[in-house]
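Spelled out, the chains give:
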Amino acid sequence: MVHSGELRLSTKGDSDIIDITSGVQRIVATSGVAEAQATAFVRGSTAAITTMEFEPGGVHDLQAMVERLIPAAGDYEHNRLNHDTNSHAHQRASLVGSSETVPVLDGRLALGTWQQLVLIDFDDHPRERSVVVQILS
């Protein structure tokens, strides 16, 4: 059985990190399943989904790490060829990935105590984002 839902979010861009755990859990709850797999997938090639401890220090450190690994001000062929400014966002999203799958046990996401599902918008301007959630039981 598959149950699907969608989260719609407004982001600030520039590595904005948003906790989506409660939204995904709401969709799990509406599915009525006790044991399943929940997958959250962000549409678009400049955003990603991962898990982390969502607190100010962790958010800052993750944003600083992706800036060190893939600087916004880098020299990118995508930007030259497409007269664009967001190649770093595409590269960062590819590195982190567009989805996460979490087991559902007793009708709840089986996340650790300090573990949340987050959306990261790497694009260089605010965006409206859509996260598709599917519960497979």
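Nothing here was measured: the structure is a model prediction, and the numbers come from that model.

Peer 1: Help me understand the pairing of strand β7 (residues 116-121) in this model?
Peer 2: Sheet faces and side chains relate simply in a regular strand, where the side chains alternate between the two faces. Where burial is concerned, most of β7 is hidden: 6 out of the 6 residues are buried. What you see with β7 is no split at all: Gln 116, Val 118 and Ile 120 on one side and Leu 117, Leu 119 and Asp 121 on the other are buried throughout. With 4 bridges connecting them, strand β2 (residues 16-19) and β7 associate as antiparallel partners. Counted as the bridge partner of Ile 17 is Ile 120 from β7. With 6 bridges connecting them, strand β4 (residues 47-52) and β7 associate as antiparallel partners. The residue of β7 that forms the bridge with Thr 50 is Val 118.

Peer 1: So what exactly am I meant to see when it comes to the nonpolar core here?
Peer 2: Soluble globular proteins tend to pack their nonpolar side chains together in the buried interior. Of all hydrophobic cores here, the largest spans 22 residues; its most connected members are Ile 20 and Val 131. Among the elements of the structure, β1 (2-11), α1 (21-31), β3 (36-42), β4, β5 (99-105), β7 and β8 (127-136) are those that each provide at least two residues to this core. Top contributing element to this core by residue count: β3, with 4 residues. Leave out the neighbours within four places in its chain, and Val 131 touches Gly 5, Glu 6, Leu 7, Leu 9, Ile 20, Ala 40, Phe 41, Val 42, Ile 49 and Leu 119. The next biggest cluster of nonpolar side chains, apart from the first, holds 11 residues, and it includes Ile 17, Leu 62, Ala 89 and Ala 93.

Peer 1: Explain unusual backbone geometry to me, please; I cannot follow it from the model alone.
Peer 2: Excluding glycine, a negative phi dihedral is what most residues carry, and trans is how most peptide bonds are arranged. If you check the backbone angles, Asp 14 has positive phi at about 55° while not being a glycine. In this structure, Asp 14 sits in the loop between β1 and β2. Asp 14 sits in the exposed class, given a relative accessible area of 53%. Phi is positive for Asp 106, which is not a glycine, with a value near 50°.

What counts and how
- Each chain carries its own residue numbering, running from 1 in the direction its sequence is written.
- Residue-level local features of this predicted model are given only where pLDDT is at least 70; pairs of side-chain atoms are given and counted only at 80 or more, and the full residue set underlies all totals for whole chains, interfaces and linings.
- Hydrogens and water molecules were not included; the side-chain quantities draw on all heavy atoms of the structure.
- Per-residue accessibility, obtained with a 1.4 Å probe over protein chains only, is compared with the maximum for each type, and a residue is labelled buried under 20%, exposed over 50%, and partly exposed between these values.
- Helix and strand labels come from DSSP, where a helix needs a run of H or I of at least four residues and a strand needs a run of E of at least two; each type is numbered from the N terminus.
- Pairing between strands is defined by DSSP: at least two bridges between them are needed.
- Side-chain atoms within 4.5 Å link the members of a nonpolar core, which is a set of buried Ala, Val, Leu, Ile, Met, Phe, Trp, Tyr and Cys residues.
- Here a residue-residue contact requires only that any non-hydrogen atoms of the pair lie within 4.5 Å.

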